[in-house]
Amino acid sequence: MRSRWWLMAVSLAASGSQAQTNGWNMPVGVTDVSSDIYGLHMTIFWICVVIGLVVFGAMFYSLFRYRHSKGAKAAHFHEHTSVEVLWTAIPILILVGMAVPATATLKNMYDSSDAELDVMITGQQWRWRYEYLGEDVAFTSNMSTPRTQISGEETRGEHYLLEVDEPLVLPINRKVRFLMTSDDVIHSWWVPDLAVKQDTIPGFINENWVKINEPGIYRGQCAELCGIDHGFMPVVVHAVEEEEFDGWLAERKEAAEQEAMGVDREWAMDELVERGESVYQSICSSCHQAEGQGSPPAFPALANNEQLINDVDWHLDRVVNGVSGAAMPAFRSTLNPVEIAAVVTYTRNAWGNDTGDVVQPSAVAELIAQ
Amino acid sequence: MWSVVKSVLAALLGVQSNQKREEDFSSGRPAAYFVTGVVITLLFVLMLVFLAMFAAR
């Protein structure tokens, strides 16, 4: 046991870069800023180690060398100005010495100018929304770990609680600016490998940026306690080569245009129900539960809900505009008209709610435009 | 004058000998210490600003 600890200490000391993989240290990350931060962290760590050795070494040496049993007598004096000045000046110099490189890194970290791509990141209870500004591409990113794994009915997957349905896709070697805000409470968008951990605050827009050096999948989590499902809103970033990113973005733009055209056409009930079920499972089921049974009193049941069944306009209004003073958010800007129409149609025809109602995307678009 | 500056610098550092402290309290006008204190604090702030600008390049 003792030799194992010793080996670990030696291997930690021998190589700083190895420390990142064993999980004992912060990651070096994949951006210039993250490796700067790692370098600062290690520099300051070693400064602390040296100070600790000197201070505790001197203390333990004095305790041992001048112990009572050897007849040591305490010196009684009131002040010693030159020693006091010395032990005040040395920490000042050390602190200033550490502040110089840290200031340079901090300034670089907050300089989000000259970005080639702007991404708006919005925190919501409990998912992230990404919007590629000026590109007409936007989507929400929901945790894709099944609830059965969380409740223990199924064995946990490799990326348990750290997997999403739609990751944020970013190009490598391009400076990407993040504009970060929230729709409800304070969240925090945190990806250790990108060295970004920024609060998203309702009514404020925080800025941050990355320039990723290596393609890969980088995972993170919400880092600000934001409610019951705080642990269930992970962040996944796919960093891809520039050409691959351009291709992906063009594809998504085209899909968004297709979707916009879908608003005008007449949808069949089956299509809407099918689409609505997937929207329901990713967005609504965390509160209203998988079978629409809800979790009263905070989250009312949707199955066999009299008011919902009797009044389609009331139902649609709740989804589009939310319920003020309650947990139900407005989905008018989070979901598109097709998704809203689909999920309303689905909930009106699932779990015994046999209304037979079909809400068309065009009607939703009209309601939102009002 | 030099004695006042020295006392203010000692206060900034937080270290002063008891003998000097008693001297300061028995002679000199308080206003001189206030004014010198404000001026030296401003100089200290400016020094930090320049240091930060230098560090950030």
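Looking at an unreviewed UniProt entry, one finds chain A named Cytochrome c oxidase subunit 2, with Vreelandella titanicae BH1 as its source organism. The record held by UniProt for chain A lists under Sequence similarities (unreviewed entry) the comment "Belongs to the cytochrome c oxidase subunit 2 family."

Along chain B, the regular secondary structure elements total three helices and zero strands. Ordered by position in the sequence, the α and β elements of chain B form the string α-α-α. Counting the 57 residues in chain B, one finds 25% classified as buried. By element, 74% of the accessible surface of chain B is carried by carbon and sulfur atoms, the whole surface being about 4400 Å².

Let's shift gears to the confidence of the model for chain B. On average, residues of chain B score 86 in pLDDT, and 98% of them reach the 70 mark or higher. Ranking the elements of chain B by mean pLDDT puts helix H2 (residues 18-26) of chain B last with 84 and helix H3 (residues 30-56) of chain B first with 88.

Moving on: the packing of helix H9 (residues 337-347) of chain A against helix H10 (residues 361-369) of chain A. A pair of packed helices is characterised by two quantities: the angle between their axes and the separation of those axes. All names here are of chain A. At their nearest, the axes of H9 and H10 sit 8 Å apart, and the two run at 115° to each other. Here H9 runs over H10; the crossing is right-handed. Taking contact as the criterion, the partners of Pro 337, Val 338, Ile 340 and Ala 341 in H9 are, on H10, Pro 361, Val 364, Ala 365 and Ile 368. Looking at side-chain class alone, the contact of H9 with H10 contains eight nonpolar, no polar and no charged residues.

Turning our attention to the interface of chain A and chain B. Interfaces are often sized by the amount of accessible area the parts lose when they come together. In this assembly, eleven residues from chain A lie in contact with ten residues from chain B. Together chain A and chain B conceal approximately 890 Å² of surface at their shared face, both sides included; 75% is due to carbon and sulfur atoms. Inspection of the region where chain A meets chain B yields zero salt bridges. If you look at where chain A meets chain B, you find one residue pair in polar contact (both at pLDDT 80 or more). Of the residues in the side of chain A that touches chain B, the class split is five nonpolar, three polar and three charged.

Glancing now at the side chain of Thr200(A). Residues and elements named next belong to chain A. With respect to the secondary-structure elements, Thr 200 resides in strand E7 (residues 196-200). A relative accessible area of 0% means that Thr 200 is categorised as buried. Once residues lying within four places of it in the same chain are set aside, the contact partners of Thr 200 are Gly 123, Trp 128, Met 180, Thr 181, Ser 182, Val 185, Ile 186, His 187, Ser 188 and Trp 189.

Moving on to the packing of aromatic side chains. Residue and element names in this part refer to chain A. What the rule picks out here adds up to twelve aromatic pairs over all chains. Relative to Tyr 346, the ring of Tyr 280 has its centre 5.8 Å away and its plane inclined at 50°; by these criteria the two rings are tilted. A residue pair is termed long-range when its members are at least 10 positions apart, and Tyr 280 in helix H6 (residues 269-288) and Tyr 346 in helix H9 qualify at 66 residues. A single burial state applies to Tyr 280 and to Tyr 346, both of which are buried. Between the aromatic rings of Tyr 346 and Trp 351, the centroid separation amounts to 5.6 Å while the plane-to-plane angle is 80°, which identifies the pairing as edge-to-face. By relative accessible area, which is 7% here, Tyr 346 ends up buried. The structure contains a cluster of three or more aromatic residues connected by ring pairs, namely Tyr 130, Tyr 132, Phe 139, Phe 245 and Trp 248. Positioned above the aromatic ring of Phe 64, the side-chain terminus of Arg 67 is 4.3 Å from the ring centre.

Here the focus is the pairing of strand E5 (residues 176-182) of chain A. All names here are of chain A. Among the seven residues in E5, six count as buried, and that is most of the element. Direction of pairing for strand E1 (residues 117-124) relative to E5: parallel, over a ladder of seven bridges. Bridge pairing in E5 places Leu 117 opposite Val 176. When E5 meets strand E8 (residues 206-210), the two strands line up antiparallel, connected through five bridges. When the bridges of E8 are listed, Val 176 appears paired with Val 210.

This paragraph deals with the UniProt feature "domain: Cytochrome c" (unreviewed entry) in chain A. The UniProt record marks residues 271-351 of chain A with the feature "domain: Cytochrome c" (unreviewed entry), using the residue numbering of this structure. Helix makes up 54% of residues 271-351 of chain A and strand 0%, with an end-to-end C-alpha separation of 18 Å.

Let's shift gears to the nonpolar core. All names here are of chain A. Grouped together as the largest cluster of nonpolar side chains are 36 residues, with contacts concentrated most on Val 119, Tyr 132, Leu 170, Phe 178, Trp 189 and Leu 194. No other element matches the four residues that strand E10 (residues 235-240) contributes to this core. With 26 residues, the next largest nonpolar core counts Leu 272, Tyr 280, Val 338 and Ala 350 among its residues.

All names here are of chain B. Across the interface, helix H1 (residues 2-13) lies against H3 with an axial gap of 9 Å and an inter-helix angle of 55°. One way to sum up the angle between H1 and H3 is to call them oblique. Handedness of the H1/H3 crossing: right-handed. Here H1 contributes Val 4, Val 5, Ser 7, Val 8, Leu 9 and Leu 12 to the contact with H3, which in turn contributes Ala 32, Tyr 33, Thr 36, Gly 37, Ile 40 and Phe 44. Its residues assigned to classes, the contact of H1 with H3 comprises nine nonpolar, three polar and no charged.

Further remarks concern the environment of Ser17(B). Tracing the chain through its elements places Ser17(B) in the loop between H1 and H2. For Ser17(B), a relative accessible area of 15% corresponds to the buried category. Sequence separation between Ser17(B) and Trp2(B) is 15 residues, and the spatial gap between their C-alpha atoms is 16 Å. The residues touching Ser17(B), leaving out its near neighbours within four places in the chain, are Glu79(A) and Thr81(A).

Reading the values: rules and limits
Residues numbered from 1 in each chain as written. Chains lettered and ligands numbered in written order. Predicted model: local features only at pLDDT ≥ 70, side-chain atom pairs only at ≥ 80, totals over all residues. Heavy atoms only, no water. UniProt positions renumbered as here; feature names shortened; annotations may be inferred. Helix = DSSP H or I, 4+ residues; strand = E, 2+ residues; numbered from the N terminus. Buried < 20%, exposed > 50% of the residue type's maximum accessible area, 1.4 Å probe, protein only. Areas by Shrake-Rupley, 256 points an atom, 1.4 Å probe, with all protein chains shown as cover. pLDDT = per-residue confidence, 0-100. Axes fitted to C-alpha atoms, helices over the stretch in contact; angles between N-to-C directions. Left-handed = near helix turned anticlockwise from the far one by under 90°. Contact = heavy atoms within 4.5 Å. Nonpolar A, V, L, I, M, F, W, Y, C, P; charged D, E, K, R; others polar. Buried area = accessible area lost by both parts, 1.4 Å probe. Salt bridge = Lys/Arg side-chain N within 4 Å of Asp/Glu carboxyl O. Polar contact = N/O pair within 3.5 Å; in protein donor to acceptor, adjacent residues only side chain to side chain. Phe/Tyr/Trp six-rings, centres within 6.5 Å; stacked < 30°, edge-to-face > 60°. Lys NZ or Arg CZ within 6 Å of the ring centre and 35° of its normal. Pairing = 2+ DSSP bridges. Core = buried A, V, L, I, M, F, W, Y, C linked by side-chain atoms within 4.5 Å. Parallel < 35°, antiparallel > 145°, perpendicular 65-115°, else oblique.

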